[in-house]
2 protein chains.
Amino acid sequence: MTVQQKPASVTTGPVIGSRKLYTSPADRPDIRVPFREIDLHPSANEPPVRIYDTSGPFTDPAAHIDLEAGLTPLRGPWLAGRGFTTIAARAVKPEDNGNIGDDKLVPACPAPREVLGGVAGRPVTQLEFARAGIITEEMIYAAHRENLGRQEMVAGAEERRADGEDFGAAIPPFITPEFVRAEIAAGRAIIPANINHPELEPVIIGRNFLVKINANIGNSAVTSSAAEEVEKLVWAIRWGADTVMDLSTGRNIHNIRSWIMRNSPVPIGTVPIYQALEKVGGDPDKLDWEVFKDTLIEQAEQGVDYFTIHAGVRLAYVPLTAKRVTGIVSRGGSIMARWCLAHHRESFLYERFGDICDIMRKYDVSFSLGDGLRPGSNADANDRAQFAELETLGELTKVAWDKGCQVMIEGPGHVPMHKIKVNMDKQLRECGEAPFYTLGPLVTDIAPGYDHITSAIGAAMIGWFGTAMLCYVTPKEHLGLPDRDDVKVGVVTYRIAAHAADLAKGHPAARLRDDAISRARFEFRWEDQFNLGLDPDTARQYHDETMPKEAHKVA
Amino acid sequence: MTVQQKPASVTTGPVIGSRKLYTSPADRPDIRVPFREIDLHPSANEPPVRIYDTSGPFTDPAAHIDLEAGLTPLRGPWLAGRGFTTIAARAVKPEDNGNIGDDKLVPACPAPREVLGGVAGRPVTQLEFARAGIITEEMIYAAHRENLGRQEMVAGAEERRADGEDFGAAIPPFITPEFVRAEIAAGRAIIPANINHPELEPVIIGRNFLVKINANIGNSAVTSSAAEEVEKLVWAIRWGADTVMDLSTGRNIHNIRSWIMRNSPVPIGTVPIYQALEKVGGDPDKLDWEVFKDTLIEQAEQGVDYFTIHAGVRLAYVPLTAKRVTGIVSRGGSIMARWCLAHHRESFLYERFGDICDIMRKYDVSFSLGDGLRPGSNADANDRAQFAELETLGELTKVAWDKGCQVMIEGPGHVPMHKIKVNMDKQLRECGEAPFYTLGPLVTDIAPGYDHITSAIGAAMIGWFGTAMLCYVTPKEHLGLPDRDDVKVGVVTYRIAAHAADLAKGHPAARLRDDAISRARFEFRWEDQFNLGLDPDTARQYHDETMPKEAHKVA
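Quick caveat, the model's predicted, so the values are computed rather than measured.

Peer 1: So what exactly am I meant to see when it comes to the sheet that holds strand S1 (residues 18-23) of chain A here?
Peer 2: Strands in a sheet are paired, the pairing made by backbone hydrogen bonds, and the direction either parallel or antiparallel. Residues and elements named next belong to chain A. Spatial ordering of the open sheet is given by S1-S2-S3, a layout of three strands whose pairing is antiparallel. Strands with a single pairing partner mark the edges of an open sheet, and in this sheet they are S1 and strand S3 (49-52). When strand polarity is set aside, the average angle formed by the axes of neighbouring strands in this sheet is 40°. As paired elements, S1 and strand S2 (residues 33-38) share six bridges and run antiparallel to each other. Looking across to S2, one finds that Thr-23 is bridged to Val-33. Each of S1, S2 and S3 touches helix H3 (residues 137-146); the most contacted strand, S2, lies at about 15° to it.

Written out as structure tokens, the structure is:
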């Protein structure tokens, strides 16, 4: 083991200009929900501005960060009261880490955690609790978190709501734990929260809540190590990623994931078919239910919060892509399409969907039903292949709900502006209002190097129309692997899209921050303008390049 | 005079991967319209992709660039046939260049040009020619330029149009010179083309044509020289600016403008009140009609193609801004509001509007009726102040049309997504479909450093809804002066917004380039993907950072 393979240090300390704080619901002082607060210049004569905080303990100067110990398992006491059983963990197999030699094996994170499993006949998932009328601590936490600023904005909230356009969403002036429960029970929202991820700071994803964003990270045989992977997570959540998908492939994948899970305050998603493919030597034809099932259990026991499952890529749909300009561009979609064609059989993910549900329910892993046939170009948007799959995802949503599983639905991709709303409306209709989770969409194909922008246009619009979570796109999309700067730019760009959507929907408190920064701008309170922005460092740097003097900042 | 004050060299040579070419309408071989063509890899077995080209002779290896001589006055023969008179040019005054000492005076561009003026009773402006049923060479040129790709796309054009959503625009499958004439005659489009700007490559601005973008440049006492200003222009049009506004202030402004005008193939816009203010020592209270009128004539004789005139800021509207979060943020708006309050009089721009029209008609300077009361924050969007001014701009549009002047209307600014369409609809209604020309709008205020993105979201949407030209915003907006990289990023970002709008409107040929790049992407023709993109250099660089080998580019 070499030094650089072991996570040693990650970025810590507050975002410049912000203070970390925790507040609790009145009746639950044990539930501490994190926020950031920005103090304004005394001349403003305004209270601090409180903002949503995804960054976890890493930005808390009072927190002791020890990657080997993992984050404090704050959900431990909550989970302890739910009657789960401690189960014998699946033994790690050499293929879990790509059969790597001992000399190159990254050690697993040594943080001790028992593996929990749900039992039949008793609620396990947030959906099951919600249906049983039980409000979990996760629901209380998420409700308090969402209420950011709403207490002081209750007066006039209805007028602000009426001033927006939410296309049939039903955002209440104030979020109660009971509202969270009801939304989850209805399938309109999810809290991805594997019972083996006790370090999680719960977050709710649904169209009646703040729009969320996801950032992807992934190792690469060439460029990454475990240390770098954990730092990528920390870096992405520092700038505002609500969830992170670990799309790693290759060697050490299992052990790197252990470091990520034990140190992640945000839900972690994966695409299990990627690792399953590694286990069969990279040949899609060799995939089968047994290796896939084994991978699901492996990752579920590690605590992964949601799985992308491409069960909607049915054999009959593959020919529908034949005349496309860009065929099948989803990696999971390509793998399954190839498997279906090679065996000339229905997808095992589709045929075994009930079994997949049973596994995911046991740990409360949420579904992210993958859009394996999403368009890879504007030319292919909204075609029969895409929509046939979406209809199947609707069918599978109902199966998963019946099995007690939480579900969200993945969406495109590349879609010109005038075809975006059709996607949203069809998703709501086909999938019973299960949360939509889209990649962009990119509204033109002609700007490689700027696809964070082409996609932010589509993302802002579809977020406004009702998408619950937006998967980020970085400037390196279509070109290469994002570096640290790209991840930051991608996250900030998607925070813009999500916030623009919240504003347009008429969220009763979203404009608080805009108004505070606008007042600061008008009064030339430069430091306040920087600190209230999504990226204080870049704003300050740009300003100082042409107006470097301190005097200019208070003028 | 120091060496760096004299424009010596600017960026020349083709955009990497593109070839310059000129084609002519069948019956007018004397009219040579520029395009770029991108040759694809032989394996593609596809013809070259032709794209719109704003870059002028600077990207033509066959052109001899001599800044002192200026560009070839290609409109000379056209103008010669229209009966204009050569007039005695207004003598340059010391205050035109800010009373700068001879030792610091940048010399004027020595390119010899006679000053032309229109005469009463004969058509001067493109609007007057259009109304008289006369198709000018500028109209023929602009029609041919717009037809990019449409010849080969005539088959199926109607279906592609029907597949789009143009909100009542009427984009024809093919653009004839007669269509251009009719659109100008109806006031729905303009060709900004001062008769003293013979170097111009004409471009048409209107909702039934390709969406255009503007880039702003401007000197600064601290950072710029004449050489830098011309290079800024060349740089902005290289990446796709259709028009450029010169917002320079301070010393040498007249002489720097002479270099820009004589070397600009694109329409140049200015805000004359800025220079008028310089002439009265920076005190708005000292402005009057005489100094403004003198400035209009000065700039019109130099060849400026359109003037922003803030004649809609009426005395009665100023109090409407009192309760705003960000008051008046337009510089021209602030100047005129202060003048109105100081004198407690109606704006002289409003009162003298007929006289302004007479001057602008004489040279065919187009109006860009300024939105001096545009919102500076989402909080102030669509308020009574903004809309009252817009109603006045509608009234002034009709006056200008009666005087024979071409008109476009400036729009906001900062507007949340759900309030954008109202702006467009109201502008079309109030201003009789005169072209709308908006700054963004920014859809949230919370991202200083990223306002090219916050505004591109709004720009793409309002372009789709019917805005004819989008004024770019750079990453430095609200923070400082854009440098060379910022200008490029701003221009490329706005080309994205404009193209996304064209696609959504159902432009019959817009998707040609998207489809070509999508095929290149799907077939791993990396060089083709780079070259077909808006910024080949950045795409190539991003790719090479992580996959540097040549082999990867043809794999």
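Let us keep going from here.
Peer 1: Mind showing me how you'd approach the interface of chain B and chain A here?
Peer 2: Where the parts come together, the accessible area they lose is often given as the size of the interface. Facing 70 residues of chain B, the contacting portion of chain A comprises 70 residues. Summing the contributions of chain B and of chain A, the shared interface buries around 5700 Å²; its carbon and sulfur component is 70%. A per-residue breakdown of the area chain B buries against chain A is headed by Ile446(B), Tyr450(B) and Leu479(B), which together make up 13% of the total. Between the two partners, chain B and chain A, sit four salt bridges. Where chain B touches chain A, the interface holds 16 residue pairs in polar contact (both at pLDDT 80 or more).

Peer 1: Just checking my understanding: could you explain the packing of aromatic side chains for this structure?
Peer 2: Both the distance between ring centres and the angle between the ring planes are used here to describe each pair of aromatic rings. This structure, assessed with the given rule, holds 26 aromatic pairs over all chains. Taking 6.5 Å as the distance between ring centres and 55° as the angle between the ring planes, the aromatic pair formed by Phe524(B) and Trp526(B) counts as tilted. Overall, Trp526(B) belongs to the buried group, its relative accessible area being 8%. Members of the aromatic cluster, joined through ring pairs, are Trp289(A), Phe292(A), Trp339(A) and Phe348(A).

Peer 1: I tried to follow helix H11 (residues 331-343) of chain A on my own but got confused; where do I start?
Peer 2: For the α-helix, the turn length of 3.6 residues means that residues three or four positions removed from each other point alike. Residues and elements named next belong to chain A. Here H11 contains 13 residues, and its C-alpha end-to-end distance of 18 Å stays within 8% of the 18 Å for a straight helix at 1.5 Å per residue. If you check which residues of H11 are buried, you get Gly-332, Gly-333, Ile-335, Met-336, Ala-337, Trp-339 and Cys-340. Here the buried face of H11 lies against helix H9 (272-279) and helix H12 (348-351). The N-cap of H11, judged by a side-chain oxygen 3.4 Å from the amide nitrogen of Gly-332 a few residues on, is Ser-330. Within two residues after H11, His-344 carries a phi angle of roughly 40°, on the positive side.

Peer 1: What exactly am I supposed to notice about the relation of the copies chain B and chain A here?
Peer 2: One copy of the chain maps onto the second through a rotation about an axis and a displacement along it. The two copies are related by a screw operation: chain B maps onto chain A through 180° of rotation and 0.0 Å of translation along the axis, at an RMSD of 0.0 Å. Accordingly, the operation relating the two chain copies is best matched by a two-fold axis. Closest approach to the rotation axis among the C-alpha atoms of chain B is made by Ile457(B), whose C-alpha sits 2.4 Å away.

Peer 1: What should I look at first to understand the confidence of the model for chain A in this one?
Peer 2: Detailed conclusions should not be drawn from predicted coordinates in areas where pLDDT is low. Residue and element names in this part refer to chain A. Overall, the prediction assigns chain A a mean pLDDT of 93, with 95% of residues at 70 or greater. Here residues 551-555 is modelled with pLDDT under 50, and outside its nearest four sequence neighbours on either side it reaches 14 contacts, counting other chains as well. The ipTM value of the predicted complex is 0.96, and its pTM value is 0.96.

Peer 1: Looking at this model, I keep getting lost on the environment of Gly432(A). Mind explaining?
Peer 2: Residue and element names in this part refer to chain A. As for its position among the elements, Gly-432 is in the loop between helix H15 (420-430) and strand S14 (436-439). Separated by 246 residues in the primary sequence, Gly-432 and Ala-186 have C-alpha atoms spaced 8.9 Å apart. Once residues lying within four places of it in the same chain are set aside, the contact partners of Gly-432 are Lys-398, Trp-401 and Gln-427.

Peer 1: Help me out: how do you make sense of the sheet that holds strand S13 (residues 407-411) of chain A in this one?
Peer 2: Residues and elements named next belong to chain A. Sheet architecture is closed into a barrel: eight strands sit in the order S8-S9-S10-S11-S12-S13-S14-S15, paired in parallel fashion. Neighbour-to-neighbour, the strand axes of this sheet turn through a mean angle of 25°, independent of strand direction. Strand direction decides the pairing type here: S13 and S14, joined by three bridges, are parallel. Counterpart to Gly-411 in the pairing with S14 is Thr-438. Sheet contacts for helix H13 (residues 353-363): strand S11 (306-309) and strand S12 (366-369); angle to S12, the most-contacted strand, approximately 140°.

Peer 1: Quick question: what am I supposed to make of the side chain of Ser455(A) here?
Peer 2: With respect to the helices, strands and loops of the structure, Ser455(A) is situated in helix H16 (residues 451-465). Not counting residues within four places of it along the chain, the set of residues in contact with Ser455(A) comprises Gly440(A), Pro441(A), Leu442(A), Val473(A) and Tyr494(A).

Peer 1: Could you clarify how one ought to interpret unusual backbone geometry in this entry?
Peer 2: Backbone phi values are negative for most residues with the exception of glycine, while trans is the configuration of most peptide bonds. Cis geometry marks the peptide bond from Pro412(A) to Gly413(A); its omega dihedral reads 5°. Looking along the chain, the bond that leaves Gly440(B) and enters Pro441(B) is cis, with omega of 10°. By the element assignment, Pro441(B) lies in the loop between strand S14 (436-439) and helix H16 (451-465). Positive phi values are uncommon outside glycine, yet Glu433(B) reaches one of about 70°.

Peer 1: Looking at this structure, I do not really get the packing of helix H10 (residues 289-302) of chain B against helix H13 (residues 353-363) of chain B. What am I missing?
Peer 2: If you want to describe how two helices pack, look at the angle between their axes and the distance between the axes. Residue and element names in this part refer to chain B. Where H10 contacts H13, the axes come no closer than 10 Å and their chain directions differ by 10°. In terms of orientation, H10 lies roughly parallel with respect to H13. As for how H10 packs across H13, the hand of that crossing is right-handed. Judged by residue contacts, Trp-289, Phe-292, Lys-293, Leu-296, Ile-297, Ala-300 and Glu-301 of H10 engage Asp-355, Ile-356, Ile-359 and Tyr-363 from H13. Looking at the contact of H10 with H13 residue by residue, the classes come out as eight nonpolar, no polar and three charged.

Peer 1: Quick question: what am I supposed to make of the pairing of strand S8 (residues 212-217) of chain A here?
Peer 2: Residues and elements named next belong to chain A. Taken across its six residues, S8 has six buried, putting it largely inside the fold. Neither face of S8 is exposed, since Lys-212, Asn-214 and Asn-216 on one face and Ile-213, Ala-215 and Ile-217 on the opposite face are all buried. In terms of strand pairing, S8 meets strand S15 (residues 469-471) through three bridges, oriented parallel. Looking across to S15, one finds that Lys-212 is bridged to Met-469. As paired elements, S8 and strand S9 (residues 243-246) share four bridges and run parallel to each other.

Peer 1: What am I meant to see in empty space enclosed by the protein here?
Peer 2: Over the atoms rolls a probe the size of a water molecule, and its path tells where empty space is left. Under the criterion given, the structure shown has nine cavities of 30 Å³ or more. Reported here for the largest cavity is a volume of approximately 470 Å³. Taken together, 29 residues make up the lining of the largest cavity; nearest its centre are Ile51(A), Tyr52(A), Leu148(A), Arg495(A) and Arg513(A). Secondary structure elements with two or more residues in the lining of the largest cavity: S3, helix H7 (226-238), helix H17 (484-505) and helix H18 (511-522) of chain A. It is S3(A) that contributes the most residues to the lining of the largest cavity, four residues altogether. Reported here for the second largest cavity is a volume of approximately 150 Å³. Forming the boundary of the second largest cavity are Arg160(A), Asp163(A), Leu503(A), Gly506(A), His507(A), Pro508(A), Ala510(A), Arg511(A), Asn378(B), Pro416(B), His418(B) and Lys419(B). Split into classes, the residues belonging to the lining of the second largest cavity amount to four nonpolar, four polar and four charged.

Peer 1: Please clarify how the packing of H9(A) against helix H10 (residues 289-302) of chain A should be interpreted in this entry.
Peer 2: Residues and elements named next belong to chain A. The geometry of H9 relative to H10 is characterised by a closest axis approach of 9 Å and an angle of 125° between their N-to-C directions. With respect to each other, H9 and H10 are oriented oblique. By crossing handedness, the relation of H9 to H10 is classed as right-handed. For the pair formed by H9 and H10, the contact residues are Pro-272, Ile-273, Gln-275, Ala-276 and Lys-279 on the first element and Val-291, Phe-292, Asp-294, Thr-295, Leu-296, Glu-298 and Gln-299 on the second. Taken together, the residues that form the contact of H9 with H10 break down as six nonpolar, three polar and three charged.

Peer 1: Even after reading the chapter, I still don't get the environment of Gly490(B), so can you show me in this structure?
Peer 2: Residues and elements named next belong to chain B. In this fold, Gly-490 is placed in helix H17 (residues 484-505). Gly-490 gets classed as buried once you look at its relative accessible area, which sits at 0%. C-alpha of Gly-490 to C-alpha of Asp-283: the two residues are 207 residues apart in sequence and 32 Å apart in space. The residues contacting Gly-490, other than those within four sequence positions of it, are Tyr-472, Val-473 and Thr-474.

Peer 1: Would you explain the pattern of salt bridges in this entry?
Peer 2: Where side chains of opposite charge bring their charged atoms close, a pairing between them can arise. Tallying each qualifying case throughout the model produces 108 salt bridges over all chains. Here Glu137(A) makes a salt bridge to Arg28(A), at a shortest N to O gap of 3.4 Å. With a gap of 109 residues between them, Glu137(A) in helix H3 and Arg28(A) in the loop between S1 and S2 connect regions that are remote in the sequence. Relative accessible area serves as the criterion here: at 22%, Arg28(A) is assigned to the partly exposed category. Glu545(A) serves as the salt-bridge partner of Lys476(B), at 2.9 Å between the closest nitrogen and oxygen. Note that Lys476(B) is positioned in the loop between strand S15 (469-471) and H17 and Glu545(A) in helix H20 (residues 536-546), a pairing that runs across two chains. One salt-bridge network, held together by shared partners, links Arg90(A), Lys93(A), Asp96(A), Arg257(A), Lys279(A), Asp294(A) and Glu298(A).

Thresholds, definitions, all that
Residues numbered from 1 in each chain as written. Chains lettered and ligands numbered in written order. Predicted model: local features only at pLDDT ≥ 70, side-chain atom pairs only at ≥ 80, totals over all residues. Heavy atoms only, no water. Pairing = 2+ DSSP bridges. Helix = DSSP H or I, 4+ residues; strand = E, 2+ residues; numbered from the N terminus. Axes fitted to C-alpha atoms, helices over the stretch in contact; angles between N-to-C directions. Contact = heavy atoms within 4.5 Å. Buried area = accessible area lost by both parts, 1.4 Å probe. Salt bridge = Lys/Arg side-chain N within 4 Å of Asp/Glu carboxyl O. Polar contact = N/O pair within 3.5 Å; in protein donor to acceptor, adjacent residues only side chain to side chain. Phe/Tyr/Trp six-rings, centres within 6.5 Å; stacked < 30°, edge-to-face > 60°. Buried < 20%, exposed > 50% of the residue type's maximum accessible area, 1.4 Å probe, protein only. Expected span 1.5 Å × (residues − 1). Least-squares fit on C-alpha atoms with pLDDT ≥ 70 in both. pLDDT = per-residue confidence, 0-100. Parallel < 35°, antiparallel > 145°, perpendicular 65-115°, else oblique. Left-handed = near helix turned anticlockwise from the far one by under 90°. Nonpolar A, V, L, I, M, F, W, Y, C, P; charged D, E, K, R; others polar. 1 Å grid on protein atoms, 1.4 Å probe; cavity = no way out; pocket = protein on both sides within 12 Å on 5 of 7 lines; lining within 4 Å. Points joined across faces, edges and corners; volume = space filled by probe spheres on them.

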